Amino acid sequence: MAEITYFDGQWHDGAPPVMGSMDQSFMHGSTVFDGARAVDGLVPDLDQHCARLIRSAEIMGFAPTVTGTEVERVAREGIKRFPTGVALYVRPVMFATDGFLISDPSGIRFLMTIFECPMPEPTGFSVCLSSFRRPNPDMAPTDAKATCLYPTTSLAITEANDKGFDNAIMRDAAGNVVEFASSNLWIVKDGVALTPAHNRTFLNGVTRKRVMGLLVGAGVEVRETTLTMDDVMAADEIFNTGNLGKVLPVTRVEQRDLQPGPLFARARELYFDYARTQPV
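Conventions and cut-offs
- Residues numbered from 1 in each chain as written.
- Predicted model: local features only at pLDDT ≥ 70, side-chain atom pairs only at ≥ 80, totals over all residues.
- Heavy atoms only, no water.
- Axes fitted to C-alpha atoms, helices over the stretch in contact; angles between N-to-C directions.
- Helix = DSSP H or I, 4+ residues; strand = E, 2+ residues; numbered from the N terminus.
- Parallel < 35°, antiparallel > 145°, perpendicular 65-115°, else oblique.
- Contact = heavy atoms within 4.5 Å.
- Nonpolar A, V, L, I, M, F, W, Y, C, P; charged D, E, K, R; others polar.
- Phe/Tyr/Trp six-rings, centres within 6.5 Å; stacked < 30°, edge-to-face > 60°.
- Buried < 20%, exposed > 50% of the residue type's maximum accessible area, 1.4 Å probe, protein only.
- Pairing = 2+ DSSP bridges.
- Expected span 1.5 Å × (residues − 1).
- Arc of directions from axis to C-beta.
- Polar contact = N/O pair within 3.5 Å; in protein donor to acceptor, adjacent residues only side chain to side chain.
- Salt bridge = Lys/Arg side-chain N within 4 Å of Asp/Glu carboxyl O.

Trainee: Help me understand the packing of helix H5 (residues 206-217) against helix H7 (residues 262-275) in this model?
Mentor: Each pair of packed helices can be summarised by the angle the axes make with each other and by the distance between the axes. Across the interface, H5 lies against H7 with an axial gap of 9 Å and an inter-helix angle of 105 degrees. When the axis of H5 is compared with that of H7, the two are roughly perpendicular. Residues Thr207, Arg210, Val211, Leu214 and Leu215 of H5 pack against Leu263, Ala267, Leu270, Tyr271 and Tyr274 of H7. A class-by-class count of the residues in the contact of H5 with H7 yields eight nonpolar, one polar and one charged.

This is the structure in structure tokens:
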């Protein structure tokens, strides 16, 4: 994996050390990040991902040291250091250095890592129901893309892998299905695209919102609603939206096999048609 890191105002090859053992974030998890993609010289929604980093920082009580526009400028500069055809993952980060249990808002550092990361083929992935759940907004900083939320993701995917599945279906505290462990969830029933209503227990993903708008613009009926596991099991199609693979089909849910369906194919086609209008 080839990678470069922007830190202290300059680019470094690889992943240099950036955090000390006494940094507040090292002990207490005060880190936020975001993820964007550069594929074939295209950077769909890069501005939205950079803006979300700033919102996440503010939710965590940080005083951001850069603006979303500055983050985007650094990202575009770094992307151009790679060959055009290489698929990249763009990951800007802010973390707290000062403070103990409470981070000092003024002690915030910014960095960005850009690394080679192939796009997954849209051949499908398998999922099972997780025993782990997403917290309510009064339990954790659920509106931020914060690293402190991600141990649950790791545990849920590990549990799924141990059962022979690729990923996990997550519920909220009330038992409603809200997302996959690492991406947003969609089902199709009778030609209607259904996705969990954003109740703030999961991130309202940048790609989720983009695909929702593209589907509506193409005349597809889209409903944000409450979904149960029974709804998922009875779906005609299941697919995801997320930064890693953008739009990917589910081909097995628990012990039920599915095929990638026409609405998934339409969503993916619409998304990559949009992406082609977003050059570096």
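Here the narrative resumes, following the displayed structure.
Trainee: What should I look at first to understand the packing of aromatic side chains in this one?
Mentor: To describe a pair of aromatic rings, you give the distance between the ring centres and the angle between the ring planes. Scanning all chains against the criterion turns up nine aromatic pairs. Relative to Phe110, the ring of Tyr6 lies with its centre 6.2 Å away and its plane at 55 degrees, an arrangement referred to as tilted. Highlighted residues: Tyr6 in strand E1 (residues 3-7) and Phe110 in strand E6 (residues 108-116), separated in sequence by 104 residues. The pair formed by Tyr6 and Phe110 is uniform in burial state, with each residue classed as buried.

Trainee: Is there a simple way to think about the pairing of strand E8 (residues 167-171) in this case?
Mentor: Each regular strand displays side chains that alternate between the two surfaces of the sheet. In terms of burial, E8 is largely enclosed, as five of its five residues are buried. Residues Asn167, Ile169 and Arg171 line one face of E8 and the alternating positions Ala168 and Met170 line the opposite face, and both faces are buried. The sheet contact formed by strand E7 (residues 125-133) and E8 spans four bridges and is parallel. In the strand pairing of E8, Val127 is matched with Asn167. Counted along the chain from E8 to the antiparallel partner strand E9 (residues 177-180), the turn is five residues long, and its residue Gly175 has a positive phi close to 95 degrees.

Trainee: Would you take a moment to explain H7 for this structure?
Mentor: For the α-helix, the turn length of 3.6 residues means that residues three or four positions removed from each other point alike. With 14 residues, H7 should reach 20 Å at 1.5 Å per residue; the first-to-last C-alpha distance of 20 Å fits that figure. What H7 keeps buried is the set Leu263, Phe264, Ala267, Arg268, Leu270, Tyr271, Tyr274 and Ala275. Considered in projection along H7, the buried side chains sweep an arc of 160 degrees and stay on one side of the axis.

Trainee: Looking at this structure, how should I read the environment of Gln24?
Mentor: Secondary-structure assignment places Gln24 in helix H1 (residues 24-28). With relative accessibility at 1%, the residue Gln24 sits in the buried group. For the pair Gln24 and Lys163, spaced 139 residues apart in the sequence, the C-alpha separation amounts to 36 Å. Excluding anything up to four places from it in sequence, Gln24 contacts Gly29, Ser30, Ala96, Thr97, Asp98, Gly99, Phe100, Leu101, Ile102 and Ser103. For Gln24, the side chain forms a polar contact with the main-chain oxygen of Leu101, separated by 3.4 Å.

Trainee: Would you explain the pattern of salt bridges in this entry?
Mentor: It is possible for side chains of opposite charge to pair when their charged atoms get near one another. Counted under the stated rule, the structure contains twelve salt bridges. Where Asp34 meets Arg52, a salt bridge forms, and the shortest distance between an N and an O atom there is 2.6 Å. A residue pair is termed long-range when its members are at least 10 positions apart, and Asp34 in the loop between strand E3 (31-33) and strand E4 (36-38) and Arg52 in helix H2 (residues 46-59) qualify at 18 residues. For the pair formed by Asp34 and Arg52, the shared burial category is buried.

Treat this as a map of the structure, not an account of what it does.
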